[in-house]
Amino acid sequence: MSYFPNVDKIKYEGVETKNMYAFRHYNPDELVLGKPMKEHLRFSLAFWHTITEDGSDPFGVGTYQRNWDEKDPIETAKNRVDAFFELLTKLNMEYFCFHDVDIAPQGESLEEFFNNLDIITDYIKEKMEEHNVNLLWNTQNMFSHPRFLNGASTSNNADVYAYSAAQIKKTIDISKKLGGKNVVFWGGREGYETLLNTDMSLELDNMAKMFKMAVDYANSINHDIQFLIEPKPKEPMTHQYDYDAATAMAFLQKYDLTDDFKLNLEGNHATLAGHTFEHELRVARTYNALGSIDANHAEKMLGWDTDEFPTNIYDTTLTMYEILENGGIEPGGINFDAKVRRTSFEMNDLVLAHIAGMDTFARGLKAAAKIKDDKFISNVLDEKYKSFTHGIGQNIVDGKETLESLSEYALNLKEIKLESSHIEHIKSVFNDYLT
Ligand code: XLS
Ligand code: NI
Ligand code: NI
C-alpha cells in the first residue's frame, strides 16, 4: 500500500516549473564548490514530527489526516515505518532520525518496550538495506512519561536514573545495529523549576556520569559514534542545564567530555535563548564542536518552540556559511526537526513542507558558496582586523607583549585613529547574494 499514491520521486525541475511536487532549487548532484549539493546538505527526515504528530495544540485536537492506524500496535508501528520510508525515498533523502518511543509501542514494561524495539528495528534495518539510507542519529525520549517529571539523569530518584541508563544503553545498541552515525541527548527535563529544592551540583555531576557511562559503553561494544548534546534554554523546564551552545560547552569542559561530545544545534532553540542561529553555530565552531543541526525556525511573533519548516533564505544562507567555514558537518547532517502547521493537514503537505525546507537550504548553500568564493565576508574581516597583522598588533597576537610594554607604547601614542565599519553598506551587499 502507498501512503503518498499521487506523488512520484521528487526531481529537480528548476524555478520555471509549475509542478508543486518538484525541487526548484535543490539539485542533489549539482556541484557546489566542487562537491554535490547532497553531500553538503546531508538532509535527514525526523520520525517524530513526520509520523507521531497529529496537529493538536494546547487549544484544540489534532487536525492531520493520517491513515496508518490498526488495532494491533505492532501493525500500526510497521505501517508508520512504511509511510516514513516511502516519504524518505520519495524526497530523495539519505538520512533519518528517531526517538525510541517514536518507532515502537512502549507496552506494559521496559522489557516489553525493548522487545517491541527489537521487532521494529529489525523491520527498519530491512528497509534501510532496501533503500540504501542511513541513520543520522537516534535518541531516547526521557521527558514525556510521568516518571521523568524531575528529569532523567538529573532526577532526584535513583531508580529513574537507572531506568534512564537502560534506555540510553538500548539507544546505543540500536545505533550499532543500524549503523548510526551519531547519538543525541536532548535534555528534555534536565533542568529545574526552583533553586529552593534543587541540588545543582549533584544533578550536574550525575548527568556527567551518565554521559561518561554512555561513552564507555559505546567503546566497550566497539561502536564508533559521535555523541551530541542538543542545547535548549526553556520548554519544558524553566531553567534547562543545556541552555545554549556556550553553556553546554562549559559543562563539557568542566567534566572533560569534549573529546566525545559535540553539539546538535537547532534554529528555534537559538531564538528561544535570545540568539540568532548563526551565533550558536559560530560559538560551536569556535569550540570545534559543531556536530549537526536540527533545521527549523521560530515564528518570531509567538516566542515558543513552534518548529516551523525553514523558509527564510537570509537565515539559511548564514547557516550554510557557518557550515562551509566549518569544512562541513559530517558525520552530522541537516535534520528537519520541523512540523507542518495545523492548517496543513493533508498527507501531501508532509511532502510539500520538506520540499520547501530543502529548497530553502539549497538556496542558502548556493548563496553562501558565492559569498565564500568572492571572499566577501573574509575581506570584511581582513579590513576590520588589519591592525593585528603588523607592528604592535602582530606582537599581541604572537604573545610577545606585556602590560608594561603595552603601557609604554600607549604613553607614546600621539592619537588613536578609528575607522567606520560601514555596517549598513555591508548588510546591503550581503542582500545582493540572496537571489
Ligand atoms: C525538542 C527537541 C527534540 C530533540 C530530540 O525541542 O528539538 O525534538 O531534537 O529529542
Ligand atoms: Ni531538536
Ligand atoms: Ni526543538
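One can find the structure itself at the top, above this paragraph.
Quantities reported herein were computed from a predicted structural model and do not represent experimental measurements. (Residues numbered from 1 in each chain as written. Chains lettered and ligands numbered in written order. Predicted model: local features only at pLDDT ≥ 70, side-chain atom pairs only at ≥ 80, totals over all residues. Heavy atoms only, no water.)

*Asks:* When you look at the site of ligand 1 in this model, what are you seeing that I'm missing?
*Replies:* If you check the shell around ligand 1, you find Trp-48, His-99, Trp-137, Trp-186, Glu-230, Lys-232, Glu-266, His-269, Asp-294, Asp-305 and Asp-337 and nothing else. Here an oxygen atom of ligand 1 sits 2.6 Å away from a polar atom, N or O, in the side chain of His-99. Here an oxygen atom of ligand 1 and a side-chain polar atom of Asp-294 are 2.9 Å apart. Starting from 290 Å² of accessible surface for ligand 1 in isolation, the protein chains cover 93%. In terms of residue class, the shell around ligand 1 is made up of three nonpolar, two polar and six charged. (Near = heavy atom within 4 Å. Polar contact = N/O pair within 3.5 Å; in protein donor to acceptor, adjacent residues only side chain to side chain. Areas by Shrake-Rupley, 256 points an atom, 1.4 Å probe, with all protein chains shown as cover. Nonpolar A, V, L, I, M, F, W, Y, C, P; charged D, E, K, R; others polar.)

*Asks:* Explanation requested: the packing of helix α10 (residues 277–286) against helix α11 (residues 313–325) in the structure shown.
*Replies:* In a pair of packed helices, the angle between the axes and the distance between the axes together describe the arrangement. Packing of α10 against α11 leaves a shortest axis separation of 9 Å and a crossing angle of 10 degrees. On the basis of their axis angle, the class for α10 and α11 is roughly parallel. Between α10, through Phe-277, Glu-278, Leu-281, Arg-282 and Arg-285, and α11, the contact on the second element is made entirely by Leu-318, Thr-319, Tyr-321, Glu-322 and Glu-325. Class assignment of the residues belonging to the contact of α10 with α11 gives a composition of four nonpolar, one polar and five charged. (Axes fitted to C-alpha atoms, helices over the stretch in contact; angles between N-to-C directions. Helix = DSSP H or I, 4+ residues; strand = E, 2+ residues; numbered from the N terminus. Parallel < 35°, antiparallel > 145°, perpendicular 65-115°, else oblique. Contact = heavy atoms within 4.5 Å.)

*Asks:* Can you walk me through the packing of α11 against helix α12 (residues 348–373) in this structure?
*Replies:* Relative orientation of the contacting elements α11 and α12 amounts to 55 degrees, with a least axis distance of 7 Å. With respect to α12, the axis of α11 lies oblique. Where α11 crosses over α12, the handedness of that crossing is right-handed. Contacts from Ile-313, Thr-316, Thr-317, Thr-319, Met-320, Tyr-321, Leu-324 and Glu-325 in α11 reach Thr-360, Phe-361, Arg-363, Gly-364, Leu-365, Ala-367, Ala-368, Ala-369, Ile-371 and Lys-372 in α12. Here the residues of the contact of α11 with α12 are counted per class, giving ten nonpolar, five polar and three charged. (Left-handed = near helix turned anticlockwise from the far one by under 90°.)

*Asks:* Help me out: how do you make sense of the nonpolar core in this one?
*Replies:* Ranked by size, the top nonpolar core spans 109 residues in total, and within it Phe-96, Phe-227, Phe-251, Leu-263 and Ile-334 carry the most contacts. Beyond its immediate chain neighbours, meaning those up to four positions away, Leu-263 contacts Leu-228, Ile-229, Pro-231, Ala-245, Ala-248, Met-249, Leu-252, Ala-284, Ala-289, Leu-290, Gly-291 and Ser-292. (Core = buried A, V, L, I, M, F, W, Y, C linked by side-chain atoms within 4.5 Å. Buried < 20%, exposed > 50% of the residue type's maximum accessible area, 1.4 Å probe, protein only.)

*Asks:* Could you clarify how one ought to interpret the pairing of strand β5 (residues 43–46) in this entry?
*Replies:* Alternating residues of β5 divide into Phe-43 and Leu-45 and Ser-44 and Ala-46, and every residue in both groups is buried. Bridge count for β5 against strand β14 (residues 334–336) is three bridges, and the pairing is parallel. Directly across from Phe-43, in β14, lies its bridge partner Ile-334. Taken together, the three bridges between β5 and strand β6 (residues 95–99) define a ladder with parallel strand orientation. Along β6, the bridge assignment pairs Ala-46 with Cys-97. (Pairing = 2+ DSSP bridges.)

*Asks:* Hey, could you run me through the sheet that holds strand β12 (residues 261–266) in this one?
*Replies:* Strand pairs in the sheet, formed through backbone hydrogen bonds, run parallel or antiparallel to each other. Pairing within the closed barrel is parallel, and its eight strands lie in the order β5-β6-β7-β8-β10-β12-β13-β14. Averaged over all neighbouring strand pairs, the angle between strand axes comes to 30 degrees, with direction disregarded.

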